[in-house]
Amino acid sequence: MNAKIVTIIPVFNAEQFLERTLDSVINQTFKEIKIICVNDASTDKTLQILEEYAKKDERIVIINNLENKGPGNSRNIGLDYVYENLPEVEYISLVDADDRIEPNTYERAYEEAKKINADI
């Protein structure tokens with residue numbers, strides 16, 4: 001399956017919120033997504049949670065920063081991954097590790113973007 005939307009999630013010490021966030025992304029009604037999680041040298045159970053989710057869902061990719069680079073740099077690392085590995089992706093979404101999105105967010109956004117031929 002080629003992803004049409006990629007979600008980049010920078011993650012740092014987010015064990016308290018991460019499962020809720022990941023559940024909201026993986027349970028989208030729009031299934032043609034790839035989820036890039038950039039673990040920013042977390043010291044809690046964040047990496048363990050990410051690895052458990054990645055085992056269950058092949059759409060999840062984990063990038064593990066060995067030192068903390070901050071959310072902006074982590075997003076850029078995720079973008080670099082997308083540009084190098086997923087050239088077919090049509091849209092990129094940025095979600096924070098403590099966000100929750102509605103189940104039809106990507107379906108509605110994709111339909112509207114296609115309707116008006118939006119490039120962003």
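Structure first, text after, so check above.
Residues numbered from 1 in each chain as written. Predicted model: local features only at pLDDT ≥ 70, side-chain atom pairs only at ≥ 80, totals over all residues. Heavy atoms only, no water.

### Considerations on the sheet that holds strand 3 (residues 60-65)
Counted only if it meets this: If DSSP finds at least two bridges between two strands, the strands pair. To qualify as a helix, a DSSP run of H or I must reach at least 4 residues; to qualify as a strand, a run of E must reach at least 2; elements of each kind are numbered from the N terminus. Note on definitions: angles span 0 to 180 degrees between N-to-C directions of axes, and those axes are lines fitted to C-alpha atoms, for helices only across the stretch in contact.
With parallel pairing, the 4 strands of this open sheet are ordered in space as 3-2-1-4. Each edge of the sheet is formed by a strand with only one pairing partner; in this case those strands are strand 3 and strand 4 (91-94). If you compare each strand with its neighbour and ignore which way they point, the axes differ by 20° on average.

### A word on the packing of helix 1 (residues 18-26) against helix 2 (residues 46-56)
For clarity, the cut-off: What sets the label is the angle itself: under 35 degrees gives roughly parallel, over 145 gives roughly antiparallel, 65 to 115 gives roughly perpendicular, and the rest give oblique. In this scheme the handedness of a crossing depends on how the near helix is turned from the far one: anticlockwise by less than a right angle means left-handed, clockwise means right-handed. Throughout, a contact is declared for two residues whenever any of their heavy atoms are within 4.5 Å. Gly counts as polar in this scheme, as do all residues outside two lists: the nonpolar Ala, Val, Leu, Ile, Met, Phe, Trp, Tyr, Cys and Pro, and the charged Asp, Glu, Lys and Arg.
Here helix 1 crosses helix 2 at 25°, and the two axes come no closer than 10 Å. It follows that helix 1 is roughly parallel to helix 2 by the angle criterion. Relative to helix 2, the crossing made by helix 1 is right-handed. Where helix 1 approaches helix 2, its residues Leu-18, Glu-19, Leu-22, Asp-23 and Ile-26 are matched on the opposing element by Thr-46, Ile-49, Leu-50 and Tyr-53. Taken together, the residues that form the contact of helix 1 with helix 2 break down as 6 nonpolar, 1 polar and 2 charged.

### Section: the pattern of salt bridges
Defined as follows: The salt bridge definition used is simple: a Lys or Arg side-chain nitrogen within 4 Å of an Asp or Glu carboxyl oxygen.
On inspection of all chains with the given rule, the structure shows 6 salt bridges. Across the pair Arg-75 and Asp-96 runs a salt bridge, and its minimum N-O distance is 2.6 Å. With a gap of 21 residues between them, Arg-75 in helix 3 (residues 71-85) and Asp-96 in the loop between strand 4 and helix 4 (105-115) connect regions that are remote in the sequence. For the salt bridge of Lys-115 with Glu-112, the shortest nitrogen-to-oxygen distance reads 3.0 Å. Note that Lys-115 and Glu-112 are positioned in helix 4 at a spacing of 3 residues, about one turn of the helix.

### Side note on the packing of aromatic side chains
What counts here: Stacked, tilted and edge-to-face are the three classes assigned to paired rings of Phe, Tyr and Trp, where Trp is represented by its six-membered ring and a pair needs centres within 6.5 Å; plane angles under 30 degrees give stacked, over 60 edge-to-face, the rest tilted. Each residue is assigned to one of three classes by its accessible area relative to the maximum for its type, calculated with a 1.4 Å probe on protein chains only: buried under 20%, partly exposed between the two thresholds, exposed over 50%.
Taken as a whole and assessed by the stated rule, the structure comprises 2 aromatic pairs. When the ring of Phe-30 is compared with that of Tyr-110, the centres are 4.9 Å apart and the planes differ by 40°; the resulting orientation is tilted. Here Phe-30 is found in the loop between helix 1 and strand 2 (33-40), whereas its partner Tyr-110 is found in helix 4, with 80 residues between them in sequence. Taken individually, Phe-30 and Tyr-110 each receive the classification buried, so the pair is uniform in this respect. Each residue in the set Phe-30, Tyr-91 and Tyr-110 is aromatic and connected to the rest through ring pairs, giving one cluster.

### Looking at the nonpolar core
Basically, it comes down to this: Take the buried residues of types Ala, Val, Leu, Ile, Met, Phe, Trp, Tyr and Cys, join any two whose side-chain atoms come within 4.5 Å, and each joined set is a nonpolar core.
Membership of the largest hydrophobic core comes to 24 residues, with the highest contact counts inside it found for Ile-9, Leu-22, Ile-35 and Tyr-106. For this core, the elements supplying multiple residues, two or more each, are strand 1 (5-11), helix 1, strand 2, helix 2 and helix 4. Top element by residues in this core is helix 1. It accounts for 4 residues. With residues up to four places along the chain from it excluded, the contact list for Ile-9 reads Leu-22, Val-25, Ile-35, Ile-36, Cys-37, Val-38, Val-95, Asp-96 and Ala-97. Membership of the second largest hydrophobic core comes to 11 residues, among which are Ala-3, Ile-36, Val-38 and Val-61.

### Notes on the pairing of strand 3
We count it as follows: Crossover handedness is defined here as right-handed if the route from the first strand over the helix to the second strand goes clockwise, with the strands pointing away from the viewer.
Judged from the 6 bridges that link them, strand 2 and strand 3 form a sheet pairing that is parallel. The residue bridging Asp-40 from the neighbouring strand is Asn-65, located in strand 3. Since strand 2 and strand 3 lie parallel, the crossover through helix 2 that links them has a hand, and here it is right-handed.

Everything listed here is a matter of geometry and, on its own, says nothing about what the molecule does.
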